[in-house]
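Below are the chains, spelled out letter by letter.
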Amino acid sequence: MTYDRDLIGYGANPPNPQWPGGARIAINFVMNYEEGSEPSIQDGEGYTELGLTEANGLPTGVKGRDLAGEGMFAYGSRVGFWRLMRLFQERGLPMTVFGCALAIERNPEAAAAIRASGFDVCCHGWRWIKHYDLTEAEEREHIRKAILSLEATVGERPLGWYCRYGPSVNTRRLVVEEGGFLYDSDAYDDELPYWKVVDGKPHLVVPYSLVNNDGKFGSGFFATSNDYFDWHKDAFDMLYAEGATQPKMMSVGLHMRLIGHPARAAGLARFLDYVQKHEGVWVTGRLDIAKHWAKTHPFQPA
């Protein structure tokens, strides 16, 4: 097998992203809308998904449908979604929605709110499942179904792509093959966008993060809203200081069934207010970052 991993990237001298207004940092908040598309008895998986819930890792012993687990997911779409929408809209801040198409399809009221908000939607797959378990044909069909669904629910086709945790070895090639995506975020290896050549075509990657992510509540790494605030404040402060000479981007991942709970949302609210106290910060959508990079740093053939 050819060793095709890039362990070097931009190295010691990354390009100046030239963020709008000379910003020292670009920060993108991502709300993962997954609830209603996760593995379930009803959708044929034979078990109830408990990932990123209070029950994650607990020996529940439930056979068949886990109604408690289902409820923890439903909290995200019934309550957490609306709390996150309020936190951002009250502050006039943009946000990106990583939308699982079937999940949004199953909540028309949330779909309408996303459509009216102007928040950009990045396709999070047809369902919140592991793409590396799909065959190439199945994955191609999931991508097709997701695009058609999001066009119907939020009013336009998605221009970005990100699947659950990690892609398959086929995912990026299939995304490029489809031809309608500007970027994907199936990467965790940088703090700036970069170009790849896939099947002879230039393709933009806008890396995501599981580090600045409320998933640390689901794993037990975060316990309180102060844990969340302190962690994200430290990351922001470091990037903001470095941004005087080497501006970067910061991705912040949110899950409605985790950070949407009051005691956790309090930490997010404090962090949003902290960010807004700083000048030279570009709080923006993921699509805007991709468009800016494509315009300011267009693909250069090797």
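This structure is a prediction, so every number in the text was calculated from the model and none was measured. (Residues numbered from 1 in each chain as written. Predicted model: local features only at pLDDT ≥ 70, side-chain atom pairs only at ≥ 80, totals over all residues. Heavy atoms only, no water.)

## Structural notes on the UniProt feature "domain: NodB homology" (unreviewed entry) in the chain
Under the feature "domain: NodB homology" (unreviewed entry), the UniProt entry names residues 67-284. The distance separating the terminal C-alpha atoms of residues 67-284 is 37 Å; by composition the span is 48% helix and 15% strand. (UniProt positions renumbered as here; feature names shortened; annotations may be inferred. Helix = DSSP H or I, 4+ residues; strand = E, 2+ residues; numbered from the N terminus.)

## Let's talk about unusual backbone geometry
With glycine set apart, most residues show a phi of negative sign, and most peptide bonds adopt trans. Backbone geometry places Gln18, a non-glycine residue, at a positive phi of 55°. Following the sequence through the fold, Gln18 ends up in the segment before β1 (25-33). Here the phi dihedral of Leu52 falls at roughly 60°; this positive angle occurs in a residue that is not glycine. If you trace the backbone, Leu52 turns up in the loop between β1 and α1 (67-91).

## Here we look at helix α8 (residues 262-276)
For α8, which comprises 15 residues, the first-to-last C-alpha distance of 21 Å matches the rise-based estimate of 21 Å (1.5 Å per residue) to within 8%. All buried positions along α8 are accounted for by Arg264, Ala265, Gly267, Leu268, Ala269, Phe271, Leu272, Tyr274 and Val275. Against β1, α1, α6 (215-218), α7 (225-242), β8 (248-255) and β9 (281-283) lie the buried residues of α8. (Expected span 1.5 Å × (residues − 1). Buried < 20%, exposed > 50% of the residue type's maximum accessible area, 1.4 Å probe, protein only. Contact = heavy atoms within 4.5 Å.)

## Regarding the nonpolar core
Nonpolar side chains in soluble globular proteins tend to be buried together. Residues Ile27, Phe29, Phe88, Phe236 and Leu268 are the most contacted members of the largest nonpolar core, which totals 62 residues. Counting residues per element, this core draws most heavily on α8, which supplies seven residues. In this structure, Phe88 is in contact with Phe29, Leu93, Pro94, Met95, Phe119, Leu254, Leu268 and Leu272, ignoring residues within four places of it in sequence. Judged by nonpolar contacts, the second largest core, of 18 residues, contains Cys122, Leu204, Leu287 and Trp293. (Core = buried A, V, L, I, M, F, W, Y, C linked by side-chain atoms within 4.5 Å.)

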